[in-house]
Amino acid sequence: MTFWLLLTVNSITFGGLLFLLAAGFSLIFGLMRIPNLTHGSLFMLGAYFGATFVGGYLSVTFNFWVAVLMATVLVAAFGTLIERFLLRQLPGQQMAQVLVTLGISFMVADFCLMVWGGDPVRVDTPGSLTGFIRYGPLVFPHYRLAIIAIAVVAALGLWLLLDRTRLGAMIRAGVDDPDMARVVGIRVSQLFTIVFALGAGLAAFAGIIGAPILSVYPGLDQDMLPLALVVVILGGSGSLLGSFVGSIIIGFIYNFGQALLPELSYFVLFLPMLLVLIVRPQGLFGRFVP
Amino acid sequence: MSGRFIAVAAGVVALVTLPYWMPGVYYLNVSSQILFYAIFALGLNILAGYGGLVSLGHAGLFGIAAYATGYTLQAGFGHPVAIFNALTAGMTAMAVFAVLSLRSTGIGFIMITLALGEIIWGLAYRWISITGGDNGINLHGRPDPFGVAITSASAFYYTTLVVFLVALAAVTVFVRSPMGAALMGTRDQPRRMTALGYHVWAIRFWACMFSGLLTAVSGILFVYYTQFISPQALDLTASAEVLLMVISGGSGTLLGPIVGAALVIVVKSVVSGFLERWNMLLGAIFVAIVILMPEGLVPGTARLWRLAWRRARKDTGGEL
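The structure displayed is predicted, hence computed values, not measured ones.

What to know about the overall build of chain B
Tallying secondary structure elements over chain B gives 15 helices and 2 strands in all. For 320 residues, the compact-globule formula gives about 20 Å, and the C-alpha radius of gyration of chain B, at 20 Å, lands near that figure. Principal axes of the C-alpha set define a box for chain B whose edges measure 70 × 55 × 40 Å. Looking at chain B as a whole, 52% of its 320 residues are labelled buried. In chain B, the proportion of contacts linking residues at least 24 apart, taken out of those at least 6 apart, comes to 73%. With the model as given, the accessible surface of chain B reaches about 14,100 Å², and the carbon-plus-sulfur share is 68%. The averaged location of the 10 negative side-chain charges in chain B is 12 Å from the averaged location of its 17 positive side-chain charges.

And the structure:
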């Protein structure tokens with residue numbers, strides 16, 4: 001019983017991290033129709049930046065949350081640059097977009113290897129959240145519960161942004177019909193930059209928030225990108241609710257699969273995605289077939 | 001004798017005599033690698049270039065053929081059985097890939113093939129009782145087609161060259177056949193092709209199968225070349241690299257994937273000896289190609305060449 005409960009908590013925690021990663025991926029994909037294959041790299045870059053700030057940069061060590069903020073802003077700025085100077089030049093050219101995003105992810109991976117080396121970098125859990133909650137025989141680390149809370153708050157914030165603000169309405173219009181949105185006077189190209197920066201920032205945020213659990217290592221980008229992809233295919237591209245439900249499902253399957261079927265854990269992970277593709281190609285909550 | 005014929009003949013002569021002028025066995029081995037990766041890239045180009053279906057999971061198919069070879073040999077069977085199994089496994093996997101991923105085109109196709117490729121990678125990495133996990137499968141020995149041993153570098157090079165030339169001829173015939181034309185039709189005007197009575201899905205499916213065959217062949221050559229197969233050969237980077245070969249050389253051309261394969265393999269194996277940050281260089285090359293020569297190296301060079309030619313003619317008042 002203890003085992004199952006702990007596994008459940010871990011699953012929800014991981015699902016929360018996945019949601020932060022996948023929400024941006026899904027929005028970028030839904031609005032811009034760009035398969036952003038740098039998303040895993042942005043996650044990793046955020047984690048490395050954050051780890052550096054926490055561990056001390058130029059002999060200044062930062063508070064964990066300040067480091068999170070700095071890493072997020074840095075990577076969001078990096079995402080803006082990618083969008084403005086590269087992807088902007090290639091509207092509608094999928095092959096070129098794939099080539100550019102892959103090229104950048106190669107460069108980022110190599111840059112990280114150059115700067116931080118091949119050994120995993122550990123990030124300590126922030127001091128205020130190192131404790132546990134004891135409930136009978138059960139032990140829940142504060143930090144994992146905090147991640148769940150952060151993910152829920154982020155989900156609510158994103159939902160409010162998309163559903164209740166003018167900007168959100170413009171983004172939704174762009175997702176549903178970019179040409180029509182342009183016709184009625186929405187500057188869709190400006191939305192692209194905002195959404196890309198937002199997605200990059202969220203990915204970096206997830207990276208540094210997840211670092212105390214996952215640690216930061218070369219290849220983290222390639223571990224996370226397929227997961228984001230599965231979530232988006234499962235939940236439906238461009239749908240926030242889809243990302244949320246998909247992330248939780250994948251979080252559960254990932255953790256339970258690794259515990260119960262270690263040899264086939266990857267296969268089990270991708271099985272629901274295949275089922276969805278066969279039964280409902282637009283994803284559980286998607287509005288269009290990509 | 002057209003210029004094109006002379007160029008092709010010169011190319012073939014250069015490839016056939018390559019072991020005699022290449023300095024050292026190392027470079028000969030690099031040439032073999034370029035050839036079997038070129039077969040791989042030609043196979044992907046059928047889909048990505050001529051069919052407009054960009055696959056990011058082809059390394060999974062490549063890996064299935066390689067693993068099938070290794071596993072059959074490990075189980076004690078001979079080389080013919082191993083090669084037969086590899087082709088069967090590769091084609092079967094391609095059929096499954098095609099049925100699942102042809103439900104959509106464009107980005108959907110990219111994402112589904114990427115995910116399928118990752119499943120194969122995950123199986124290779126985790127299903128240790130079959131694949132050996134990270135340790136992979138070691139092979140011992142190469143087959144001897146028609147009684148000729150191909151253990152030496154030059155013998156293996158010639159074997160690869162023969163397979164490569166056959167593959168290139170097959171692709172050339174395919175592209176120029178009505179089937180090839182129909183495939184390009186489904187790429188450019190799928191709805192019009194449907195209206196004309198073509199079965200778009202079937203055309204794409206058989207293009208996938210042809211692509212899968214070439215991929216499986218290159219996977220077999222790869223595993224006999226390295227004598228080793230591990231999950232690294234089929235991860236996302238591997239799928240990405242072969243797609244980059246196609247796109248950087250020029251997708252939808254015959255020569256492009258070959259040039260792209262040469263570029264990637266040379267950077268990976270030769271330049272990496274001098275430059276530690278070769279991955280950075282590879283990434284930078286791809287970004288540069290997209291910005292400066294979006295159509296790929298081969299068509300891009302041809303365009304620049306024509307431009308220079310026209311300018312030269314103008315300068316001399318049309319005397320050339």
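Things to note about the pairing of strand 2 (residues 138-141) of chain A
Residues in a regular strand project their side chains so that they alternate between the two faces of the sheet. All names here are of chain A. Alternating residues of strand 2 divide into Leu 138 and Phe 140, all buried, and Val 139 and Pro 141, none buried. Bridge count for strand 1 (residues 132-135) against strand 2 is 4 bridges, and the pairing is antiparallel. Across the sheet, the residue bridging to Phe 132 is Pro 141, located in strand 2.

Quick word on the packing of aromatic side chains
Within the structure shown, the criterion is met by 24 aromatic pairs over all chains. Between the aromatic rings of Phe 19 of chain A and Phe 244 of chain A, the centroid separation amounts to 5.2 Å while the plane-to-plane angle is 80°, which identifies the pairing as edge-to-face. One end of the pair, Phe 19 of chain A, is in helix 1 (residues 2-32); the other, Phe 244 of chain A, is in helix 10 (residues 240-260), with 225 residues separating them in the sequence. Judged by its relative accessible area of 1%, Phe 19 of chain A is buried. A centroid spacing of 5.2 Å and a plane angle of 75° characterise the contact between Tyr 26 of chain B and Tyr 27 of chain B, whose relative ring orientation is edge-to-face. Residue class for Tyr 26 of chain B comes out partly exposed when judged on its relative accessible area of 42%. Three or more aromatic residues joined by ring pairs form one cluster here, namely Phe 36, Tyr 37, Phe 40, Phe 62, Phe 156, Phe 222 and Tyr 225 of chain B.

Quick notes on the environment of Gly 238 of chain A
Residues and elements named next belong to chain A. Take Gly 238: it is sitting in the loop between helix 9 (220-235) and helix 10. As for Gly 238 and Ala 211, which are separated by 27 residues in sequence, their C-alpha atoms are 27 Å apart. Those residues in contact with Gly 238 that sit more than four places away from it in its chain are Ser 26, Gly 30 and Val 175.

Things to note about a nonpolar patch on the surface
Residue and element names in this part refer to chain A. A cluster of nonpolar side chains, contributed by Phe 3, Trp 4, Leu 260 and Leu 261, occupies part of the molecular surface with about 400 Å² of accessible area. Looking at where Leu 260 falls in the secondary structure, it is placed in helix 10. For Leu 260, a relative accessible area of 48% puts it in the partly exposed group.

Observations regarding the packing of helix 10 of chain A against helix 11 (residues 265-279) of chain A
Residues and elements named next belong to chain A. Helix 11 packs onto helix 10 with a crossing angle of 155° between their chain directions and a minimal axis gap of 8 Å. Comparing the axis directions of helix 10 and helix 11 gives the class roughly antiparallel. Relative to helix 11, helix 10 is oriented so that their crossing is right-handed. Residues Ile 250, Ile 253, Tyr 254, Gly 257 and Gln 258 of helix 10 form the contact with helix 11, whose own contacting residues are Ser 265, Val 268, Leu 269 and Pro 272.

Quick word on the confidence of the model for chain B
As a note on interpretation, predicted positions should not be read in detail where pLDDT is low. Residues and elements named next belong to chain B. In this model, chain B carries a mean pLDDT of 87, and residues with pLDDT of at least 70 account for 98%. Element-level mean pLDDT values for chain B span from 80 in helix 7 (residues 128-131) up to 94 in helix 11 (residues 200-226). On the interface metric, ipTM, the complex scores 0.77, and its pTM is 0.85.

Considering helix 10 of chain A
Residues and elements named next belong to chain A. A rise of 1.5 Å per residue sets the reference length of helix 10, with its 21 residues, at 30 Å; its end C-alpha atoms lie 30 Å apart and thus fit the reference within 8%. Of all the positions in helix 10, only Leu 240, Gly 242, Ser 243, Gly 246, Ser 247, Ile 250, Gly 251, Ile 253, Asn 255, Phe 256 and Gly 257 are classed as buried. Here the buried face of helix 10 lies against helix 1, helix 5 (142-164), helix 9 and helix 11.

A word on the packing of helix 3 (residues 25-50) of chain B against helix 9 (residues 178-188) of chain B
Residue and element names in this part refer to chain B. For the pair helix 3 and helix 9, the least separation of the axes is 9 Å and the interaxial angle reads 45°. By the angle between their directions, the pair helix 3 and helix 9 is classed as oblique. Seen from helix 3, the contacting residues are Ile 46, Gly 49 and Tyr 50; seen from helix 9, they are Leu 183, Met 184 and Arg 187. Partitioned by chemical class, the residues of the contact of helix 3 with helix 9 number 4 nonpolar, 1 polar and 1 charged.

Points about the interface of chain A and chain B
The interface of chain A with chain B comprises 44 residues on the first partner and 45 residues on the second. Applying the counting rule to chain A against chain B returns 1 salt bridge. Contributions of two or more residues to the side of chain A that touches chain B are made by helix 1, helix 4 (94-116), helix 9 and helix 11 of chain A. If one sorts the elements of the side of chain A that touches chain B by residue count, helix 4 of chain A sits on top with 15 residues. When grouped by side-chain class, the residues that make up the side of chain A that touches chain B number 36 nonpolar, 5 polar and 3 charged.

Notes on unusual backbone geometry
One non-glycine residue with positive phi stands out, namely Ser 215 of chain A, at about 60°. Notably, Gln 227 of chain B is not glycine yet its phi reads approximately 60°, a positive angle. Assignment of secondary structure puts Gln 227 of chain B in the loop between helix 11 and strand 2 (228-229).

Overview of the pattern of salt bridges
Evaluation of the coordinates by the stated rule reveals 7 salt bridges over all chains. Arg 182 of chain A is paired through a salt bridge with Asp 179 of chain A; the nearest N and O atoms lie 3.9 Å apart. Within this pair, Arg 182 of chain A and its partner Asp 179 of chain A are both found in helix 7 (residues 178-183), separated by 3 residues, close to a single helical turn. Owing to a relative accessible area of 54%, Asp 179 of chain A belongs among the exposed residues under this scheme. Measuring nitrogen to oxygen at the nearest pair gives 3.0 Å for the salt bridge that ties Asp 188 of chain B to Arg 187 of chain B. Classification of Arg 187 of chain B as partly exposed rests on a relative accessible area of 31%.

Reading the values: rules and limits
Residues numbered from 1 in each chain as written. Chains lettered and ligands numbered in written order. Predicted model: local features only at pLDDT ≥ 70, side-chain atom pairs only at ≥ 80, totals over all residues. Heavy atoms only, no water. Helix = DSSP H or I, 4+ residues; strand = E, 2+ residues; numbered from the N terminus. Rg over C-alpha atoms; globule rule 2.2 N^0.38 Å. Buried < 20%, exposed > 50% of the residue type's maximum accessible area, 1.4 Å probe, protein only. Contact = heavy atoms within 4.5 Å. Areas by Shrake-Rupley, 256 points an atom, 1.4 Å probe, with all protein chains shown as cover. Lys, Arg positive; Asp, Glu negative; His and termini not counted. Charge placed at Lys NZ, Arg CZ, Asp CG, Glu CD. Pairing = 2+ DSSP bridges. Phe/Tyr/Trp six-rings, centres within 6.5 Å; stacked < 30°, edge-to-face > 60°. Patch = residues over 30% accessible without salt bridge, like charges linked within 9 Å, V, L, I, M, F, W, Y side chains within 5 Å. Salt bridge = Lys/Arg side-chain N within 4 Å of Asp/Glu carboxyl O. Axes fitted to C-alpha atoms, helices over the stretch in contact; angles between N-to-C directions. Parallel < 35°, antiparallel > 145°, perpendicular 65-115°, else oblique. Left-handed = near helix turned anticlockwise from the far one by under 90°. pLDDT = per-residue confidence, 0-100. Expected span 1.5 Å × (residues − 1). Nonpolar A, V, L, I, M, F, W, Y, C, P; charged D, E, K, R; others polar.

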